[in-house]
Amino acid sequence: MPAFDNTNNQSYAGRHLVVVGAGISGIGAARFLAARGAQVTLTDQRPAEKLPPEVIQLPSEGIAIEAGAHRPETLRAADEIVLSPGVPPTLAALQPAREAGVPIIGEIELAFRHLRGRIVAITGSNGKSTTTTLIGHLLADGRLPTQVGGNIGVAAVSLVETSRDDGWTVLECSSFQLETVVTFRPHIGVLLNITPDHLDRHGTFENYVAAKLNMFRRFDGETLAVLNADDPTTPRAQAQLATQGAPVTLFSAQRELEEGLFLRGNDLVCRTRQAERVLLHRADLPLPGRHNMENILASLAVALAAGVAPETARTTIRDFRGLEHRLEFVAEVGGVRYFNDSKATNVAAAQVSIEAFPSGLHVILGGLDKNSDFAPLVDALAPRAVSVALIGAAAEKIAATFAGRLPQPITRHASLEDAVHSLARRARPGDVVLLAPACASFDMFDNFEHRGRVFKATVKGLISNVQREASCSPD
């Protein structure tokens with residue numbers, strides 16, 4: 001794949017840049033700009049005592065901190081504004097700056113201006129982190145200099161210094177990041193799927209789709225788009241890319257394709273106009289669920305385009321064990337298996353998680369509602385679930401949606417721990433207890449990782465109880 005120069009030599013010396021939002025990306029952007037001579041102000045609406053501990057060090061690095069509010073006068077006086085992903089571009093405090101003509105970009109756009117080498121960008125409603133990580137492994141195992149970051153927890157700007165002309169940077173990109181891109185143009189862009197999510201931020205599904213498709217806005221004949229042939233939004237993306245002359249590789253876990261990567265029976269097949277070859281067999285795949293099949297197919301498409309040998313890719317995928325909190329096997333206790341999919345923070349993610357199991361399923365749902373419709377879960381649960389446990393702020397809404405539509409027992413619980421203990425008493429050997437909340441975590445937890453850790457700790461507590469009871473039994 002040909003390289004193109006996406007870097008510039010822009011000087012920030014003497015310029016005033018304001019970074020809005022003191023999260024991982026915001027702190028990274030502030031440090032990046034200050035190190036290049038900019039006068040930087042980092043602003044956050046949280047009070048100073050609520051900011052991350054790293055912020056305390058920033059004034060010693062020449063970065064001014066404004067806490068408690070985003071001051072319109074500070075924003076209006078900036079030469080350029082960089083938004084953290086968590087800050088919506090519709091923020092009222094930004095309007096005076098926008099009217100004054102101050103450029104407003106996001107951290108991923110800032111990083112793109114300076115990253116060297118080739119870039120792979122992955123977006124989608126579900127599966128981004130798993131696919132991003134797997135692509136990183138595939139490229140690195142293919143002996144390509146590779147680094148991974150973005151929405152996966154490493155600010156993209158922090159990868160600039162370690163980027164190299166012959167290397168690859170693999171970036172997970174959220175809709176929040178993509179809605180503020182301007183010149184962003186990765187060499188390979190992957191769109192896994194688009195299902196309703198973050199409607200509390202974007203307002204409508206149409207706005208959400210538009211944010212995702214921003215990834216492809218500047219694609220041309222030197223770029224490659226990897227798209228899910230089974231996703232309803234793919235024809236729209238294909239039409240956009242066709243007008244730009246950008247090539248497309250399709251993948252499908254549900255049907256054969258004239259060209260692309262697909263699942264046929266138990267074989268993962270790559271078909272081009274010239275040839276067809278079986279890359280892997282279903283038995284080679286360590287991760288359960290149709291969504292993980294899609295993640296693997298997309299990752300293989302990228303690896304092959306980057307020049308990774310099929311034999312190398314096969315070995316990497318066989319050894320890949322997935323990520324924490326993504327349909328993660330926790331333990332088997334008394335013949336019951338426990339799975340942690342705390343990252344299933346929307347309805348579509350919970351649905352594919354539920355559908356990864358044929359029957360005997362006890363599911364924990366609930367958390368902070370993102371203006372979601374929970375009705376699609378009914379068809380997934382009806383043939384598989386034994387019982388459903390509800391937690392969090394969305395419990396009543398979910399219960400109302402399921403009322404009269406699910407014959408299985410539906411119970412409400414004040415805590416995740418209580419739900420786990422209740423399902424442990426109900427489950428029988430051979431059953432599965434699954435945490436797949438379909439909701440955000442912020443009503444009860446710091447984040448989805450915190451929620452997943454609590455679930456796992458509770459399951460480990462069940463193991464301890466079983467061991468304690470066994471040790472107390474008479475010989």
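I will try to describe carefully the structure that is included in this document.

1. As for the overall build of the protein chain
- A count of helices and strands for the protein chain gives 16 helices and 20 strands.
- The globule rule puts the C-alpha radius of gyration for 475 residues at 23 Å, and the 24 Å found for the protein chain is close to it.
- For the protein chain, with 475 residues in total, the buried portion stands at 56%.
- Counted over contacts in the protein chain with a minimum sequence separation of 6, partners at least 24 positions apart contribute 67%.
- Summing over all exposed atoms, the protein chain offers an accessible surface of approximately 19300 Å²; the carbon and sulfur share of this is 50%.
- Counting 46 positive and 51 negative side-chain charges, the protein chain places the centres of these two groups 1 Å from one another.

2. Concerning the nonpolar core
- Membership of the largest hydrophobic core comes to 54 residues, with the highest contact counts inside it found for Leu33, Leu110 and Phe216.
- Of all the secondary structure elements, the ones that give two or more residues to this core are strand 1 (16-20), helix 1 (24-34), strand 2 (39-44), helix 4 (107-112), strand 6 (118-123), helix 8 (205-213), strand 10 (224-228) and helix 9 (234-243).
- Of all the elements, helix 1 adds the most residues to this core, at 6 residues.
- Ignoring sequence-local partners within four residues, the contact set of phenylalanine 216 consists of Gly189, Leu191, Ala225, Leu227, Gln240, Leu241 and Gln244.

3. A word on the sheet that holds strand 3 (residues 63-67)
- One open sheet accounts for 5 strands, arranged 3-2-1-4-5; its pairing is parallel. Of all strands in the sheet, those bounded by a partner on one side alone are strand 3 and strand 5 (104-106). Neighbour-to-neighbour, the strand axes of this sheet turn through a mean angle of 25 degrees, independent of strand direction.

4. Regarding helix 14 (residues 395-402)
- Within helix 14, the full set of buried residues consists of Ala395, Ile398, Ala399, Thr401 and Phe402. Summarising the axial view, the buried residues of helix 14 lie within an arc of 160 degrees, below the 170-degree limit, and thus occupy one face. In helix 14, those exposed residues whose orientation departs by more than 90 degrees from the buried face are Glu396 and Ala400.
- Note on helix 14: the residue one or two positions beyond its end, glycine 404, has a positive phi of about 75 degrees.

5. Looking at the side chain of glutamine 147
- Checked against the element boundaries, glutamine 147 lands in strand 7 (residues 146-150).
- At 3.0 Å, the side chain of glutamine 147 forms a polar contact with the backbone oxygen of leucine 159.
- Setting aside residues no more than four positions away along its own chain, glutamine 147 makes contact with Leu115, Leu159, Thr162, Ser163, Trp168, Thr169 and Val170.

6. Remarks on the pattern of salt bridges
- Under the criterion given, the structure shown has 25 salt bridges.
- With a closest N to O distance of 2.6 Å, arginine 185 and aspartate 220 form a salt bridge. One end of the pair, arginine 185, is in the loop between helix 6 (175-178) and strand 9 (188-191); the other, aspartate 220, is in the loop between helix 8 and strand 10, with 35 residues separating them in the sequence.
- On the basis of relative accessible area, arginine 185 is assigned to the buried category, the value being 12%.
- Classification of aspartate 220 as partly exposed rests on a relative accessible area of 24%.
- Salt bridges here are not isolated pairs; linked through shared partners, they connect Glu256, Arg264, Arg271 and Glu276.

7. Here's the deal with the packing of helix 5 (residues 128-141) against helix 11 (residues 310-319)
- At a minimum axis distance of 9 Å, the contact between helix 5 and helix 11 shows a crossing angle of 135 degrees. Classed by the angle they form, the pair helix 5 and helix 11 counts as oblique. Seen along the crossing, helix 5 lies across helix 11 with a hand that is right-handed. Contacts from Leu134, His137, Leu138 and Asp141 in helix 5 reach Thr312, Ala313, Thr316 and Ile317 in helix 11.
- Grouping the constituent residues of the contact of helix 5 with helix 11 by class yields 4 nonpolar, 3 polar and 1 charged.

8. Some words on the packing of aromatic side chains
- Throughout the structure, instances matching the rule amount to 5 aromatic pairs.
- With centroids separated by 5.4 Å and ring planes inclined at 75 degrees, the aromatic side chains of phenylalanine 112 and phenylalanine 184 adopt a geometry described as edge-to-face. Linking phenylalanine 112 in helix 4 with phenylalanine 184 in the loop between helix 6 and strand 9, this pair joins segments that are 72 residues apart in sequence.
- Judged by its relative accessible area of 2%, phenylalanine 184 falls in the buried class.
- Over the face of the ring belonging to phenylalanine 32 we find arginine 36, whose NZ or CZ atom lies 3.7 Å from the ring centre.

9. A few points about the sheet that holds strand 9
- Spatially, the 9 strands line up as an open sheet ordered 7-8-6-9-10-11-12-13-14, and their pairing is mixed. Lying at the two open borders of the sheet, with one neighbouring strand each, are strand 7 and strand 14 (276-281). On average, adjacent strands in this sheet sit at an angle of 20 degrees to one another, irrespective of strand direction.
- Direction of pairing for strand 13 (residues 267-271) relative to strand 14: antiparallel, over a ladder of 5 bridges. Opposite cysteine 270, over in strand 14, you have arginine 277 as the bridge partner.
- Helix 5 contacts strand 6, strand 7 and strand 8 (168-172) of the sheet and is inclined by roughly 170 degrees relative to strand 8.

10. Some words on the pairing of strand 15 (residues 328-333)
- Direction of pairing for strand 15 relative to strand 16 (residues 336-340): antiparallel, over a ladder of 5 bridges. Its bridge partner lying in strand 16, phenylalanine 329 is registered against phenylalanine 339.
- Counted along the chain from strand 15 to the antiparallel partner strand 16, the turn is 2 residues long, and its residue glycine 334 has a positive phi close to 60 degrees.

11. Topic: the environment of phenylalanine 445
- Along the chain, phenylalanine 445 turns up in the loop between strand 20 (432-435) and helix 16 (448-472).
- Exposure remark for phenylalanine 445: the relative accessible area of 9% places this residue in the buried category.
- Separated by 177 residues in the primary sequence, phenylalanine 445 and leucine 268 place their C-alpha atoms 39 Å from one another.

Reading the values: the criteria
- Residues numbered from 1 in each chain as written.
- Predicted model: local features only at pLDDT ≥ 70, side-chain atom pairs only at ≥ 80, totals over all residues.
- Heavy atoms only, no water.
- Helix = DSSP H or I, 4+ residues; strand = E, 2+ residues; numbered from the N terminus.
- Rg over C-alpha atoms; globule rule 2.2 N^0.38 Å.
- Buried < 20%, exposed > 50% of the residue type's maximum accessible area, 1.4 Å probe, protein only.
- Contact = heavy atoms within 4.5 Å.
- Areas by Shrake-Rupley, 256 points an atom, 1.4 Å probe, with all protein chains shown as cover.
- Lys, Arg positive; Asp, Glu negative; His and termini not counted.
- Charge placed at Lys NZ, Arg CZ, Asp CG, Glu CD.
- Core = buried A, V, L, I, M, F, W, Y, C linked by side-chain atoms within 4.5 Å.
- Pairing = 2+ DSSP bridges.
- Axes fitted to C-alpha atoms, helices over the stretch in contact; angles between N-to-C directions.
- Arc of directions from axis to C-beta.
- Polar contact = N/O pair within 3.5 Å; in protein donor to acceptor, adjacent residues only side chain to side chain.
- Salt bridge = Lys/Arg side-chain N within 4 Å of Asp/Glu carboxyl O.
- Parallel < 35°, antiparallel > 145°, perpendicular 65-115°, else oblique.
- Left-handed = near helix turned anticlockwise from the far one by under 90°.
- Nonpolar A, V, L, I, M, F, W, Y, C, P; charged D, E, K, R; others polar.
- Phe/Tyr/Trp six-rings, centres within 6.5 Å; stacked < 30°, edge-to-face > 60°.
- Lys NZ or Arg CZ within 6 Å of the ring centre and 35° of its normal.

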